[in-house]
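Spelled out from the first residue to the last, the chains are:
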Amino acid sequence: MTTKTSHRQQLLGKVRNLMHANRREHDGHIYTVPSPDTYPYQWLWDSCYHAIILRHFDAETAKEELRSLFVRQYDNGMLPHMIYWEPSEKHNINWGKDGVSSITQPPMVALAVQQVLDVDDDRQFLTDLFPKLADYYDYLLKHRVDSKVGLAGIINPDESGEDNSPRFDPALGLDTKQSLPQNFAARLELVEADRNASFDLDRMKQTFWVYDVPFNSILFENLQIMAEFAAILGRSSESRRFARAAEQLLEAINQRLLPEDSGDYWPIDGVNSKELNCLSWHIFAPLATGVMTDKQAHSLIHRRLINNDEFMVKYGLRTVAESDSSYDPEGFWRGPVWIGVNWWLVRGLSRYGYHELAHDVTVASLKLLEKSGFREYFNSETGEGLGAREFTWGGLVLDMIETRDGSEELRVL
Ligand code: GLC
C-alpha cells in the first residue's frame with residue numbers, strides 16, 4: 001500500500017468509526033448525534049453534514065439520515081432544528097415545542113440530498129422526498145421571505161447555526177463584552193417570547209428578525225437545486241417556480257445586503273432596518289453558494305484572504321476577523337475555527353477555481369484533526385480542540401478530499 005493510500009484508508013477508517021459510534025435508531029428511524037455527550041439528539045444542519053460525509057462510504061445510511069429529518073416535519077412544512085427522539089437530562093433545552101424545537105436551521109437539506117444523489121442516483125429516493133422538500137422550501141418562501149423585502153428572515157440566532165455569533169449582538173441588545181450564558185439566556189428569552197406570541201410569525205418578527213447573509217445565500221443555492229430536482233422529475237412548472245424564486249432572492253440579496261460602497265455582504269436587523277456590521281465569516285457565504293460573480297469572488301479573495309490575514313490562520317478560517325472588536329479565539333462562534341466553516345470555504349474556493357487556496361484550507365483542516373482530534377471547534381491561534389468531543393463535523397474533511405481528489409493534501413500528512 002502506498003503512503004497516500006494508507007493515509008486515505010486511515011482517515012476513512014476514523015471517520016467511519018466516529019459516524020458509526022454516533023449512530024442511533026429510534027422506531028426504525030436512523031440518525032446520527034453530533035456528539036454523544038454534549039449533543040445526543042438530531043440537529044437539522046448537522047444531519048445534512050452527516051449525509052454529505054456518509055455518502056463517501058455508506059450512501060444507504062446517508063439517505064436514512066435525511067429521511068429521518070422529515071418524520072417530524074411541521075404541518076406547515078417547517079423542519080425543526082432539533083428532534084428529541086429520546087429525551088434525556090443532557091442538553092435538554094426547551095426550544096418551545098414538545099419533542100422538537102420551534103425554530104429551524106440553515107436550509108441546506110436539498111444540497112445534502114443532491115450530494116447523496118451524486119454518488120447514488122436513486123430516483124425513488126428523490127421521488128419520495130421531493131414533496132416534503134418542496135413543502136419545506138415553500139414554507140420558507142411563503143412565511144420567511146418577506147414579500148416587501150424579498151429576503152428570508154430568521155427568528156433566533158440559533159437558526160443561523162452560529163448560536164452566539166457577534167453578528168447578532170445588537171439585534172439581541174447585547175454588548176460585545178458578554179458571557180456565553182448571558183448570550184444563551186437572551187436566545188432562550190426569545191423562545192419564551194415566541195411561545196407567548198403563540199408562535200405567530202408577525203408577532204415573533206417584532207422581537208427578533210434578521211436577514212442573514214449565510215441563511216439567504218444557502219437558500220438561494222438550494223432553491224436552484226429544487227428547480228433541478230423538479231426538472232429531473234418532470235415537474236416543469238414547479239421547476240420554473242423554484243428557479244424564479246431563486247432569481248428573485250438573488251436580486252434581493254444583491255440589492256439589499258450589498259451596500260454600494262462595500263464589496264462585502266452584510267446582514268440586516270429587520271426590526272429596526274439597521275445593517276449589522278460585525279466582520280464575521282459570513283462574508284464568504286456568498287462565495288460558497290454561488291451568489292457572487294467571478295469578479296466579486298476575485299475581489300473578495302484578494303481583499304480578505306490573499307492580501308490580508310484577518311481571517312486566514314494556520315488552521316483555516318477564523319469565524320470572526322481578528323480586527324473585529326468582538327473577536328475571541330476561544331469564544332465558540334466568536335472567532336474559533338470550525339471545520340464546517342472551512343468546508344463552506346473550500347466549496348467556494350473550488351467553485352470559483354481557486355484550487356490552491358482550497359488545497360491550503362483542506363490541509364489546514366486535516367492538520368487540525370491530527371493535532372486535536374474530532375472536537376467541536378478549535379482555538380484559532382493555537383489549534384487547541386474545544387467544546388464537544390467525538391464531534392462529527394471533522395468528518396467533512398473526508399468530503400473536502402474525496403470531492404476534489406485530494407491526494408495532494410494527504411501527502412502532506
Ligand atoms: C451547536 C452549534 C450548532 C449545531 C449544534 C449541534 O449548537 O452551534 O450549529 O447545530 O451545536 O451540533
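For the structure itself, look to the data block above.
Residues numbered from 1 in each chain as written. Predicted model: local features only at pLDDT ≥ 70, side-chain atom pairs only at ≥ 80, totals over all residues. Heavy atoms only, no water.

1. Let's talk about helix α10 (residues 236–256)
Taking 1.5 Å per residue, 21 residues should reach 30 Å; α10 reaches 30 Å between its end C-alpha atoms and fits that length. Within the span of α10, buried status applies to Glu-238, Ser-239, Phe-242, Ala-245, Ala-246, Leu-249, Ala-252 and Ile-253. Buried positions in α10, seen along its axis, are confined to an arc of 155° and lie on one side of it. Across α10 from its buried face, at more than 90 degrees, point the exposed residues Ser-237, Arg-240, Glu-247, Glu-251 and Gln-255. Contacts from the buried residues of α10 go to α5 (123–144) and α9 (213–232). (Helix = DSSP H or I, 4+ residues; strand = E, 2+ residues; numbered from the N terminus. Expected span 1.5 Å × (residues − 1). Buried < 20%, exposed > 50% of the residue type's maximum accessible area, 1.4 Å probe, protein only. Arc of directions from axis to C-beta. Contact = heavy atoms within 4.5 Å.)

2. Quick word on the site of the ligand
In the vicinity of the ligand lie 13 residues, with Trp-45, Asp-46, Gly-161, Asp-163 and Trp-333 positioned nearest. In this structure, an oxygen atom belonging to the ligand sits 2.6 Å away from a side-chain N or O atom of Asp-46. At 2.6 Å, a backbone N or O of Gly-161 approaches an oxygen atom of the ligand. Considered class by class, the residues forming the shell around the ligand number eight nonpolar, two polar and three charged. (Near = heavy atom within 4 Å. Polar contact = N/O pair within 3.5 Å; in protein donor to acceptor, adjacent residues only side chain to side chain. Nonpolar A, V, L, I, M, F, W, Y, C, P; charged D, E, K, R; others polar.)

3. Brief notes about the pattern of salt bridges
Counting across every chain of the model gives 24 salt bridges. When salt bridges that share partners are traced, they join Glu-60, Lys-63, Asp-120 and Asp-122 into one network. (Salt bridge = Lys/Arg side-chain N within 4 Å of Asp/Glu carboxyl O.)

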